[in-house]
Amino acid sequence: MRWMTLIAALTALVLAGCGSSNSKSEKSAGTSTPSATTQSSSSSASGGGETLKLAADKSALKFDKSKLSAKAGTVTLVMANPSGIPHAVAVEGNGVDKDGNTVGNGGTSKVTVKLKPGTYEFYCPVDGHKQAGMKGTLTVS
């Protein structure tokens, strides 16, 4: 009998310890996740930067905007493509040259770059599209 009582007591302690440990882990994870998210958000906010949206024109080789502006830092251009022609978005200037993915009708091309204050060009890197006028100016302050 004593042996059974001892096993029951030890089992209860182990289970209580596991439950207590899990509660602390969940509480810690719950507490640290929001603060990590907050830190990320405030880090990006303090470093400037932003997300800019534009779209390819449905019937011509051009964007719906020819001028964009952003704060220095991490800048993301997100381009919707309502056209039947494949398009993408790219950024070039001041040592930066990065292309987003080429997408078809209904797709979204995205390019993220770290930019310093200055003037950049955004354009469609699909062959011939930039030359046809599918470009614009991105001013970063």
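One can find the structure itself at the top, above this paragraph.
All of the points below concern the structure found in this document.

**Quick notes on the overall build of the protein**
Then step 1. Of regular secondary structure, the protein possesses one helix and eight strands.
Then step 2. Along the protein, helices (α) and strands (β) appear in the sequence α-β-β-β-β-β-β-β-β when read from the amino end.
Then step 3. Relative to its full complement of 141 residues, the protein shows a buried share of 28%.
Then step 4. Put simply, 59% of the contacts in the protein that link residues at least 6 apart link residues at least 24 apart.

**Some words on the packing of aromatic side chains**
Then step 1. Overall, the coordinates contain one aromatic pair when judged by the stated rule.
Then step 2. Plain terms: the ring middles of F63 and F122 are 5.4 Å apart, the flat faces sit at 50 degrees to each other, and that makes the pair tilted. Pair noted here: F63 is in the loop between β1 (49-55) and β2 (67-70) and F122 is in strand β7 (residues 118-123), with a separation of 59 residues, a long-range link. Of the two residues examined, F63 and F122, each falls in the buried class.

**Observations regarding the nonpolar core**
Then step 1. Counting residues in each nonpolar core, the largest one holds 22 residues, and the members touching the most others are F63, L77, V91, L115 and L138.
Then step 2. Not counting chain neighbours up to four residues away, the residues in contact with L77 comprise L52, L54, L68, V89, V91, S109, K110, V111, F122 and L138.

**Side note on the pairing of strand β5 (residues 96-99)**
Where a strand is regular, its side chains alternate between the two sheet faces.
Then step 1. Bridge count for strand β4 (residues 90-93) against β5 is four bridges, and the pairing is antiparallel. Within β5, the position partnered with V91 by the bridge is K98.
Then step 2. Hairpin remark: β4 followed by β5, antiparallel, with two residues in the connecting loop; positive phi at N94, about 50 degrees.

**Details of the pattern of salt bridges**
Then step 1. This model, assessed by the stated rule, comprises two salt bridges.
Then step 2. K130 is the partner of E121 in a salt bridge, and the nearest nitrogen-oxygen pair spans 3.0 Å.
Then step 3. Overall, K130 belongs to the partly exposed group, its relative accessible area being 22%.
Then step 4. Through salt bridges with shared partners, one network takes in E92, E121 and K130.

**Some details on the side chain of H129**
Then step 1. Structurally, H129 can be placed in the loop between β7 and β8 (135-140).
Then step 2. With residues near it in sequence (within four places) discarded, H129 still touches L61, I85, P86, H87, C124 and M134.

**Quick notes on the sheet that holds β7**
Within a sheet, adjacent strands bond to each other through the backbone by hydrogen bonds, running parallel or antiparallel.
Then step 1. Pairing in this open sheet of five strands is mixed, and the strands run β2-β8-β7-β4-β5 from one edge to the other. Whereas interior strands pair on both sides, the edge strands pair on one side only; in this sheet they are β2 and β5. Strand-to-strand twist in this sheet, taken as the mean axis angle between neighbours without regard to direction, amounts to 25 degrees.

**Some words on the side chain of T76**
Then step 1. Position of T76 among the secondary structure elements: in strand β3 (residues 73-81).
Then step 2. Separated by 2.9 Å, the side chains of T76 and T112 make a polar contact.
Then step 3. Apart from the residues lying within four places of it in its own chain, the contact partners of T76 are E50, T51, L52, K110, V111 and T112.

The rules behind the values
- Residues numbered from 1 in each chain as written.
- Predicted model: local features only at pLDDT ≥ 70, side-chain atom pairs only at ≥ 80, totals over all residues.
- Heavy atoms only, no water.
- Helix = DSSP H or I, 4+ residues; strand = E, 2+ residues; numbered from the N terminus.
- Buried < 20%, exposed > 50% of the residue type's maximum accessible area, 1.4 Å probe, protein only.
- Contact = heavy atoms within 4.5 Å.
- Phe/Tyr/Trp six-rings, centres within 6.5 Å; stacked < 30°, edge-to-face > 60°.
- Core = buried A, V, L, I, M, F, W, Y, C linked by side-chain atoms within 4.5 Å.
- Pairing = 2+ DSSP bridges.
- Salt bridge = Lys/Arg side-chain N within 4 Å of Asp/Glu carboxyl O.
- Axes fitted to C-alpha atoms, helices over the stretch in contact; angles between N-to-C directions.
- Polar contact = N/O pair within 3.5 Å; in protein donor to acceptor, adjacent residues only side chain to side chain.

Shape is all these values report; function is a separate question.
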